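Descriptive structure summary
As a plain string of letters, each chain reads:
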Amino acid sequence: MIAIGCDHGGYALKQEIIAHLEERGLEYKDYGCYSEESVDYPVYGKAVAHAVASGECDKGILICGTGIGISITANKVKGIRASLCGDCFSAQATREHNDANIVALGARVTGPGLAIKIVDTFLDTPFSNDERHLRRINMIED
Ligand code: RB5
């Protein structure tokens, strides 16, 4: 199960990503927001982060205007490794090296075509399980 959330700045892109998840037959839970009316991104960043940290969802996708505010918020939740990605290389590397569990996108920065490729890369790339990467991830929580 994939948790997805956004603020008003990310709403339109979230709708495109949801349509893509549906095309792929992937299950998701939409944590809002549900329109382009102005809202506060921490509400949605926290909702998705808690869904992933609790194990209710396996991975998360967060979108705001820049992807910055919502990823900062998500990374405050213990166990969350949220990566703001604007390219597919980063999306692949953050899965392989950081075992990132949330990808964040900036809808005012990254166009929908690239954003969807970033989402696919994030969802389809497994963690490397390399000892050195595990050691470094464990050091984050220390
Ligand atoms: C909202 O205007 C904007 O500040 C928000 O979407 C995000 O970019 C914050 O980091």
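One structure accompanies this document, and this report is about it. (Residues numbered from 1 in each chain as written. Predicted model: local features only at pLDDT ≥ 70, side-chain atom pairs only at ≥ 80, totals over all residues. Heavy atoms only, no water.)

**Considering the environment of Gly 67**
Convention followed: In DSSP terms, a helix is any run of H or I states spanning at least four residues, a strand is any run of E spanning at least two, and both are numbered starting from the N terminus. When accessible area is computed with a 1.4 Å probe and restricted to protein chains, residues below 20% of their type maximum are described as buried, those above 50% as exposed, and intermediate ones as partly exposed. What makes two residues a contact is simply this: any of their non-hydrogen atoms within 4.5 Å.
Topologically, Gly 67 is positioned in the loop between β3 (59-64) and α3 (68-74). Owing to a relative accessible area of 0%, Gly 67 belongs among the buried residues under this scheme. Sequence separation between Gly 67 and Cys 57 is 10 residues; the distance between their C-alpha atoms is 20 Å. Not counting the four nearest positions on each side in its chain, Gly 67 is found in contact with Leu 84, Ala 104, Leu 105 and Gly 106.

**Some points on the pairing of strand β5 (residues 102-106)**
Quick note on the threshold: Two strands are counted as paired when DSSP detects at least two bridges linking them. The path from the first strand over the helix to the second decides the hand: if it runs clockwise while the strands point away from the viewer, the crossover is right-handed.
The buried fraction of β5 is high, at 5 of 5 residues. Here β5 shows no split at all, with Ile 102, Ala 104 and Gly 106 on one side and Val 103 and Leu 105 on the other all buried. In terms of strand pairing, β3 meets β5 through 5 bridges, oriented parallel. For Cys 64, the partnering residue across the bridge sits in β5 and is Gly 106. Crossover connection from strand β4 (residues 82-84) via helix α4 (residues 88-96) to parallel β5: handedness right-handed.

**With respect to the side chain of Thr 110**
By secondary structure assignment, the location of Thr 110 is in the loop between β5 and α5 (112-124). Residue Thr 110 is classed as buried on the basis of its relative accessible area, which comes to 7%.

**A word on the site of the ligand**
Spelled out, the test is: Proximity is defined per residue: any heavy atom of the residue falling within 4 Å of a molecule or strand makes that residue near it. What sets the accessible areas is the Shrake-Rupley method with a 1.4 Å probe; for residues, cover comes only from the shown protein chains. Residues are grouped as follows: nonpolar covers Ala, Val, Leu, Ile, Met, Phe, Trp, Tyr, Cys and Pro; charged covers Asp, Glu, Lys and Arg; every other residue, Gly included, is treated as polar.
Residues in close proximity to the ligand include Asp 7, His 8, Tyr 41, Cys 64, Gly 65, Thr 66, Gly 69 and Arg 108, which together make up its full environment. If the ligand stood free it would expose 290 Å²; the protein chains cover 72% of that surface. Of the residues that constitute the shell around the ligand, the class distribution is 2 nonpolar, 4 polar and 2 charged.

**Some words on α4**
Heads up, the rule is: In protein, a polar contact requires one atom able to donate a hydrogen and another able to accept it; more generally it is a pair of N or O atoms within 3.5 Å, and residues adjacent in sequence count only if both atoms are side-chain atoms.
The complete set of buried residues in α4 reads Ala 91, Ala 93, Thr 94 and Arg 95. Residues of α4 that are buried sit in contact with β3, β4 and α5. N-cap assignment for α4: the residue whose side-chain oxygen lies 3.1 Å from the backbone N of Phe 89 is Asp 87.

**Some points on a nonpolar patch on the surface**
What counts, and what does not: Here the term patch refers to residues with relative accessible area over 30% and no salt bridge, with like charges joined within 9 Å and nonpolar side chains (Val, Leu, Ile, Met, Phe, Trp, Tyr) within 5 Å. Salt bridge, as used here, is a side-chain nitrogen of Lys or Arg placed within 4 Å of a carboxyl oxygen of Asp or Glu.
A cluster of nonpolar side chains, Ile 68, Ile 72 and Leu 84, forms an exposed patch at the surface whose accessible area comes to about 260 Å². Classification of Leu 84 by relative accessible area gives partly exposed; the value is 40%.

**Some remarks on the packing of helix α1 (residues 11-24) against α5**
As a reminder of what qualifies: Here the axes come from fitting lines to C-alpha atoms, over the contacting stretch only for helices, and the angles between their N-to-C directions go from 0 to 180 degrees. In this scheme, roughly parallel covers angles under 35 degrees and roughly antiparallel covers those over 145, while 65 to 115 is roughly perpendicular and the rest are oblique. Two helices that cross are described as forming a left-handed crossing if the nearer one is turned anticlockwise from the farther one by less than a right angle, and a right-handed crossing if clockwise.
For the pair α1 and α5, interaxial distance at closest approach is 10 Å and the crossing angle is 50°. Between α1 and α5, the angle falls in the class oblique. Crossing hand, α1 versus α5: right-handed. Together, Leu 13, Glu 16, Ile 17, His 20, Leu 21 and Arg 24 of α1 and Pro 112, Ala 115, Ile 116, Val 119, Asp 120, Leu 123 and Asp 124 of α5 make up the contact between the two elements.

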